[in-house]
Amino acid sequence: QVHLVESGGGLVQAGGSLRLSCAASGRTFSSNKMGWFRQAPGKEREFVAGITWSGGGTRYADSVKGRFTISRDNAKNTVYLQMNSLSSEDTAVYYCAASASLSSYVSTWAYDYWGQGTQVTVSS
C-alpha cells in the first residue's frame, strides 16, 4: 500500500504561481512513476504531468507544457508540481497518483494509488 498526501493548493490570481507537493509513504519502493492529474467540475480527470522515480523522465500534457514543472525528491519520497502563469482554465482539484508500472503516463487506469486531492482555484 502506498499512501499519498497532496498539499499546496489554494486561491491564486491569474498569472500567479503555486507549488503542489505530494508526500508518499508506505511501500513506496513498489512505485515506479508518479503522476499529477486534475479534475474540473463537470469534466473527466485528466493527466497533467508524470515523472519516474529512477531516471526522472518526465511527461507533460500539451496544455501545461512550458508553464508547469514536475520534479521529485527521492530522499523525501515527495513529488512536486510547480505551476506558473496560471489561468482560470487551470482551476481544478489536483490529484497525485502512484504507479507500479512504466506503461502509460496519461491513463488513469495505469495508476494504482491516489491521493485525496487539493483544490486549486485561479481567479481572473
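What you see is a predicted model; the values in this text were computed from it and never measured.

Considering the side chain of lysine 33
Here is step 1 of the chain: Looking at the element boundaries, lysine 33 is found in strand 4 (residues 33–39).
Here is step 2 of the chain: Comment: no salt bridge for buried lysine 33; closest opposite-charge side chain is aspartate 112, at 7.2 Å.
Here is step 3 of the chain: Among the polar contacts listed, one links the side chain of lysine 33 to the backbone oxygen of serine 104, at a separation of 3.2 Å.

So, the pairing of strand 5 (residues 46–52)
Here is step 1 of the chain: Summarising burial for strand 5: six of the seven residues are buried, a large majority.
Here is step 2 of the chain: In the sheet, strand 4 pairs with strand 5 via six bridges, with the strands oriented antiparallel. Note that in strand 5 the partner of phenylalanine 37 across the bridge is phenylalanine 47.
Here is step 3 of the chain: What sits between strand 4 and strand 5 in their antiparallel hairpin is a turn of six residues, with glycine 42 showing a positive phi close to 80°.
Here is step 4 of the chain: Two strands pair when backbone bridges link them, and strand 5 and strand 6 (residues 58–60) are joined in this way by three bridges, in the antiparallel orientation.

Things to note about the sheet that holds strand 3 (residues 18–26)
Here is step 1 of the chain: Taking strand neighbours across the sheet as the criterion, the four strands line up as 1-3-8-7 in an open arrangement whose pairing is antiparallel. The sheet terminates laterally at strand 1 (2–7) and strand 7 (68–73), the two strands that pair on one side only. Each strand of the sheet is rotated relative to its neighbour by a mean of 15°, with strand direction disregarded.
Here is step 2 of the chain: Bridge analysis of strand 7 against strand 8 (residues 78–83) gives six bridges, and the strand direction is antiparallel. Within strand 8, the position partnered with serine 71 by the bridge is tyrosine 80.

Considering the environment of glycine 35
Here is step 1 of the chain: Following the sequence through the fold, glycine 35 ends up in strand 4.
Here is step 2 of the chain: Sequence separation between glycine 35 and cysteine 96 is 61 residues; the distance between their C-alpha atoms is 5.8 Å.
Here is step 3 of the chain: If near-sequence neighbours (up to four positions away) are discounted, glycine 35 is found in contact with Ala49, Gly50, Tyr95, Cys96, Ala97 and Tyr111.

What to know about the layout of surface pockets
Here is step 1 of the chain: As a volume, the largest pocket reaches approximately 170 Å³.
Here is step 2 of the chain: Among the residues forming the lining of the largest pocket, the class breakdown is two nonpolar, four polar and seven charged.

Let's talk about the state of the cysteines
Here is step 1 of the chain: Enumeration over the complete set of coordinates arrives at one disulfide.
Here is step 2 of the chain: Residue pairing for cysteine 22: its cysteine sulfur links by disulfide to cysteine 96, the two sulfurs lying 2.0 Å apart. Torsion about the S-S bond of the cysteine 22 and cysteine 96 cystine: about -75°, corresponding to left-handed handedness. Here cysteine 22, found in strand 3, pairs with cysteine 96, found in strand 9 (residues 92–99); they are 74 residues apart in sequence, far enough to count as distant.
Here is step 3 of the chain: Classification of cysteine 22 by relative accessible area gives buried; the value is 0%.

Parameters at a glance
- Residues numbered from 1 in each chain as written.
- Predicted model: local features only at pLDDT ≥ 70, side-chain atom pairs only at ≥ 80, totals over all residues.
- Heavy atoms only, no water.
- Helix = DSSP H or I, 4+ residues; strand = E, 2+ residues; numbered from the N terminus.
- Buried < 20%, exposed > 50% of the residue type's maximum accessible area, 1.4 Å probe, protein only.
- Lys, Arg positive; Asp, Glu negative; His and termini not counted.
- Salt bridge = Lys/Arg side-chain N within 4 Å of Asp/Glu carboxyl O.
- Polar contact = N/O pair within 3.5 Å; in protein donor to acceptor, adjacent residues only side chain to side chain.
- Pairing = 2+ DSSP bridges.
- Axes fitted to C-alpha atoms, helices over the stretch in contact; angles between N-to-C directions.
- Contact = heavy atoms within 4.5 Å.
- 1 Å grid on protein atoms, 1.4 Å probe; cavity = no way out; pocket = protein on both sides within 12 Å on 5 of 7 lines; lining within 4 Å.
- Points joined across faces, edges and corners; volume = space filled by probe spheres on them.
- Nonpolar A, V, L, I, M, F, W, Y, C, P; charged D, E, K, R; others polar.
- Disulfide = S-S within 2.5 Å.

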